[in-house]
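The chain contents come next:
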Amino acid sequence: DEDLEQAKEIIRTKFIVGLLTEMEESVERFDKYFGWHDKEVRPECQKQSIQTGYNRNPHDLTERGGEAWNILAAVNEYDLPLYVYIVELYHKQGELFRENKAEETA
């Protein structure tokens, strides 16, 4: 549990997180934070990676409670709590981006 808490702290203090489920907004946050404003290349890149999803791979479902499931569950014991934290952090960081946007337009 100490390792999980340390991982959360490192992510909170060192990362801007993005979510695949919120890809477009995540990319906009990265653009804004890092100052990426390539208006010529970005639309094509965004179309390939976000809309088309060139990094998507189909996978067979693993039977819940089966041997593979149990191995994966044991190996990834802390991944789900860390993911839940990252989703929460994503929304908190979103508030900061909204505040900055409000300041820019004021």
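The shown structure was predicted, so the numbers you read here are calculated from the model rather than taken from an experiment.

Definitions and limits used
- Residues numbered from 1 in each chain as written.
- Predicted model: local features only at pLDDT ≥ 70, side-chain atom pairs only at ≥ 80, totals over all residues.
- Heavy atoms only, no water.
- Helix = DSSP H or I, 4+ residues; strand = E, 2+ residues; numbered from the N terminus.
- Buried < 20%, exposed > 50% of the residue type's maximum accessible area, 1.4 Å probe, protein only.
- Contact = heavy atoms within 4.5 Å.
- Areas by Shrake-Rupley, 256 points an atom, 1.4 Å probe, with all protein chains shown as cover.
- pLDDT = per-residue confidence, 0-100.
- Core = buried A, V, L, I, M, F, W, Y, C linked by side-chain atoms within 4.5 Å.
- Phe/Tyr/Trp six-rings, centres within 6.5 Å; stacked < 30°, edge-to-face > 60°.
- Lys NZ or Arg CZ within 6 Å of the ring centre and 35° of its normal.
- Polar contact = N/O pair within 3.5 Å; in protein donor to acceptor, adjacent residues only side chain to side chain.
- Patch = residues over 30% accessible without salt bridge, like charges linked within 9 Å, V, L, I, M, F, W, Y side chains within 5 Å.
- Salt bridge = Lys/Arg side-chain N within 4 Å of Asp/Glu carboxyl O.
- Lys, Arg positive; Asp, Glu negative; His and termini not counted.
- Charge placed at Lys NZ, Arg CZ, Asp CG, Glu CD.

Asks: Looking at this structure, I do not really get the overall build of the protein. What am I missing?
Replies: Helix and strand counts for the protein come out as five helices and zero strands. Reading the secondary structure of the protein in the N-to-C direction produces α-α-α-α-α. Among the 106 residues that make up the protein, the fraction classed as buried is 19%. Counting contacts in the protein only where the partners sit at least 6 residues apart, residues at least 24 apart contribute 63% of the total. Accessible surface, the protein: about 8900 Å² in total, of which carbon and sulfur atoms supply 54%.

Asks: Before we go on, may I ask you to explain the confidence of the model for the protein in this structure?
Replies: When pLDDT is low, close inspection of the predicted coordinates is not appropriate. Mean pLDDT over the protein: 85, with 82% of residues reaching 70 or higher. Averaged over each element, pLDDT in the protein is lowest for helix α3 (residues 42–52) (69) and highest for helix α1 (residues 2–14) (97).

Asks: Is there a simple way to think about the nonpolar core in this case?
Replies: Soluble, globular proteins show a tendency: their nonpolar side chains are buried together. By size, the foremost hydrophobic cluster in this structure holds nine residues: L4, I11, V17, L19, L82, Y85, I86, L89 and Y90. At the level of secondary structure, the elements contributing two or more residues to this core comprise α1 and α5 (79–105). If you tally residues by element for this core, the top one is α5, at five residues. Once residues within four sequence positions are removed from consideration, Y90 is found in contact with V17, G18, L19, E22, E25, S26 and R29.

Asks: Before we go on, may I ask you to explain the packing of aromatic side chains in this structure?
Replies: Under the criterion given, the structure shown has one aromatic pair. Ring geometry for Y33 against F34: centres 5.0 Å apart, planes inclined by 90°, an arrangement best described as edge-to-face. Judged by relative accessible area, F34 falls into the partly exposed class, the value being 46%. Over the aromatic face of Y90 sits the side chain of R29, whose NZ or CZ is 3.7 Å from the ring centroid.

Asks: Looking at this structure, how should I read the side chain of R29?
Replies: For R29, the position within the fold is in helix α2 (residues 23–34). Taking the relative accessible area as the measure of exposure, R29 reaches 4% and is therefore buried. Within polar-contact distance, the side chain of R29 engages the side chain of E25 at 2.7 Å. Every residue in contact with R29, bar those within four places of it in the chain, is listed here: V17, Y90, Q93, G94 and F97.

Asks: How should I be thinking about a negative patch on the surface in this particular structure?
Replies: Residues D1, E2, D3 and E77 make up a contiguous surface patch of negative charge. With respect to the helices and strands, the residue E77 is situated in the loop between α4 (67–75) and α5.

Asks: Just checking my understanding: could you explain the pattern of salt bridges for this structure?
Replies: One side chain can pair with another of opposite charge once the charged atoms of both are near each other. One pass over the full model with this rule turns up three salt bridges. Two residues, E9 and R12, come together in a salt bridge whose shortest N-O distance is 2.7 Å. Taken together, the residues span about one helical turn, with E9 and R12 both in helix α1 at a distance of three residues. What makes E9 partly exposed here is its relative accessible area of 38%. Where R29 meets E25, a salt bridge forms, and the shortest distance between an N and an O atom there is 2.7 Å. Linking R29 with E25, this pair stays in helix α2, spanning four residues, or about one helical turn.

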